[in-house]
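Geometric and topological summary
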Amino acid sequence: MKNEARTTKYFKASSADRLYELLGAYDENLKTLETELGVEISLADGLTLKITGEESAAELCEKTLKAAMNAAEKGEKIDERQILYCIEAAKSGEAEETEKLFDGVVATTATGKKIKCKTLGQKKYVEAIEKNAVVFGIGPAGTGKTYLAVAKAVAAFKAKKAEKIILTRPAVEAGENLGFLPGDLQEKVDPYLRPLYDALQEMFGAEQYEKLMERGVIEVAPLAYMRGRTLSSAFIILDEAQNTTREQMKMFLTRMGEGSRVVVTGDVTQIDLPRGKSSGLSHAAKILENVDGVKVCVLSDKDVVRHPLVMRIVKAYEKDEEAREKAREAKEQREKEQREKEQREAKSNGEKANGEEAQPGGTKEKT
């Protein structure tokens with residue numbers, strides 16, 4: 001955006017309420033826009049905002065404000081996270097698509113709260129679950145992979161499209177040993193399954209959740225419990241799948257029976273498997289990507305719906321990983337060039353030595 005001519009654009013809010021939502025408390029949303037896009041925003045008159053900055057930045061700001069106002073008109077809260085998402089959508093040319101983002105409800109919680117998609121990536125993920133028998137949801141923390149999968153499972157159960165909900169995850173230790181935790185096996189693995197319990201209780205309510213658990217309609221268990229079973233007419237979710245081995249992933253996917261739907265979620269940047277073990281999630285997503293009935297959905301930092309700081313943290317780690325990858329590639333290139341140089345020198349020295357041996361060594365004196 002350097003060396004661009006500065007320009008002024010105007011954006012008019014549809015009402016005073018919408019203008020207030022766009023501004024944010026103490027104009028926090030405008031400050032976020034100014035910081036992220038390098039523009040200056042002020043109130044021109046009435047419902048109109050004045051945007052001053054380099055032309056491309058001012059256009060991005062205008063598109064971002066339009067996307068944010070559309071979200072506000074659909075009842076979404078316009079906070080820093082929403083503004084940051086609208087900026088990313090505008091940068092990637094998806095700002096206009098956000099208008100239809102908030103249409104439709106994924107599920108309704110026990111308290112009547114409507115669960116909606118908050119990013120285009122989430123919407124594509126949910127649509128994939130509706131249309132495919134097996135879906136892989138891969139992405140960083142905070143993108144709603146597990147939560148939305150559970151919401152779709154509950155919606156399928158309530159619509160009588162599934163007779164059972166099964167949630168599982170591998171009990172892989174991340175720096176701790178299960179054997180040192182108190183209690184029996186179920187008590188040991190409960191902490192690993194807690195996010196799934198919480199999501200189900202929110203959807204069903206504590207009382208109905210307990211009844212469904214007692215009847216075996218809802219089953220939450222470690223991945224090892226899936227071996228040897230055939231799961232029919234069920235909605236099955238495998239969470240934290242990056243910590244499965246190739247053998248475990250194959251075992252899980254082949255448990256699928258008639259009328260079942262499977263969602264596999266995980267973050268390939270947070271693998272806790274022992275050194276030397278490759279992730280079953282990465283392998284399966286690669287080899288099954290073009291299989292009919294299977295859909296691989298990759299969510300990114302743009303789809304993070306937690307605190308805005310989580311999005312920045314994810315981006316920082318991604319930049320660090322990119323820098324490390326470039327450093328590794330540069331090191332490998334240097335080592336390759338060094339090996340080739342040594343091979344050339346060795347070949348040259350060998351040819352030189354052979355040449356010297358071929359030269360006449362003088363005649364021996366006859367006796």
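Residues numbered from 1 in each chain as written. Predicted model: local features only at pLDDT ≥ 70, side-chain atom pairs only at ≥ 80, totals over all residues. Heavy atoms only, no water.

1. Examining the sheet that holds strand β8 (residues 218-222)
- Strand order across the open sheet formed by six strands is β8-β7-β9-β10-β6-β11, with parallel pairing between neighbours. Each end of this open sheet is capped by a strand with a single partner; those strands are β8 and β11 (294-298). The average angle at which neighbouring strand axes cross in this sheet is 15°, direction not considered.
- When strand β6 (residues 134-138) meets strand β10 (residues 261-266), the two strands line up parallel, connected through five bridges. Its bridge partner being in β10, Val134 is matched across the sheet by Val262.
- Sheet strands in contact with helix α10 (residues 280-287) are β6, β10 and β11, and its direction is about 125° off that of β6. (Pairing = 2+ DSSP bridges. Helix = DSSP H or I, 4+ residues; strand = E, 2+ residues; numbered from the N terminus. Axes fitted to C-alpha atoms, helices over the stretch in contact; angles between N-to-C directions. Contact = heavy atoms within 4.5 Å.)

2. Observations regarding helix α4 (residues 80-91)
- Between its terminal C-alpha atoms α4 stretches 17 Å, which fits the 16 Å expected from 12 residues at 1.5 Å a residue.
- Every buried residue belonging to α4 is among Arg81, Gln82, Ile83, Leu84, Tyr85, Cys86, Ile87, Glu88, Ala89 and Ala90, and all of these are buried.
- Within two residues after α4, Gly93 carries a phi angle of roughly 75°, on the positive side. (Expected span 1.5 Å × (residues − 1). Buried < 20%, exposed > 50% of the residue type's maximum accessible area, 1.4 Å probe, protein only.)

3. Remarks on the environment of Glu40
- Relative to the helices and strands, Glu40 is located in strand β2 (residues 40-45).
- As for Glu40 and Thr52, which are separated by 12 residues in sequence, their C-alpha atoms are 5.1 Å apart.

4. As for the side chain of Glu76
- Its location among the elements puts Glu76 in the loop between α3 (55-73) and α4.
- Within the structure, Glu76 has its side chain in polar contact with the side chain of Lys118 (distance 3.4 Å).
- Not counting residues within four places of it along the chain, the set of residues in contact with Glu76 comprises Glu21, Ala71, Gln82, Phe102, Lys116 and Lys118. (Polar contact = N/O pair within 3.5 Å; in protein donor to acceptor, adjacent residues only side chain to side chain.)

5. Looking at the sheet that holds β2
- An order of β1-β3-β2 is seen for the three strands of this open sheet, with the pairing classed as antiparallel. The open sheet has two edge strands with one neighbour each: β1 (6-12) and β2. The sheet shows a mean angle of 30° between the axes of neighbouring strands, direction not considered.

6. Regarding the pattern of salt bridges
- By the definition in use, this model includes 11 salt bridges.
- When the shortest N-O distance is used, the salt bridge between Arg229 and Glu219 registers 2.6 Å. Separated by 10 residues along the polypeptide, Arg229 in the loop between β8 and β9 (234-238) and Glu219 in strand β8 bring together distant segments of the chain.
- When its relative accessible area of 17% is taken as the criterion, Glu219 is described as buried.
- Glu325 serves as the salt-bridge partner of Arg328, at 2.5 Å between the closest nitrogen and oxygen. Of this pair, Arg328 and Glu325 both sit in helix α11 (residues 308-358), three residues apart, which is roughly one turn of that helix.
- When its relative accessible area of 37% is taken as the criterion, Arg328 is described as partly exposed.
- Its relative accessible area of 34% is what places Glu325 among the partly exposed residues.
- Connected via shared salt-bridge partners are Lys164, Glu219 and Arg229. (Salt bridge = Lys/Arg side-chain N within 4 Å of Asp/Glu carboxyl O.)

7. Overview of the environment of Gly121
- Note on placement: Gly121 falls in helix α5 (residues 120-131).
- The spatial distance from the C-alpha of Gly121 to the C-alpha of Leu101 is 9.8 Å, given a sequence separation of 20 residues.
- Those residues in contact with Gly121 that sit more than four places away from it in its chain are Leu299 and Asp303.

8. Side note on the pairing of strand β7 (residues 164-169)
- Counting buried residues along β7, five of its six residues qualify, which places the element largely inside the surrounding structure.
- Pairing of β7 with β9, which is carried by five bridges, proceeds in the parallel orientation. What sits directly across from Leu167, in β9, is Ile237.

9. Quick look at the nonpolar core
- Leu33, Tyr125, Leu167, Leu200 and Phe204 are the most contacted members of the largest nonpolar core, which has 69 residues in total.
- Leave out the neighbours within four places in its chain, and Leu167 touches Val150, Leu196, Leu200, Ile218, Glu219, Val220, Ala221 and Ile237.
- Within the second largest apolar cluster, 23 residues are counted, among which are Ala234, Ile236, Met249 and Met251. (Core = buried A, V, L, I, M, F, W, Y, C linked by side-chain atoms within 4.5 Å.)

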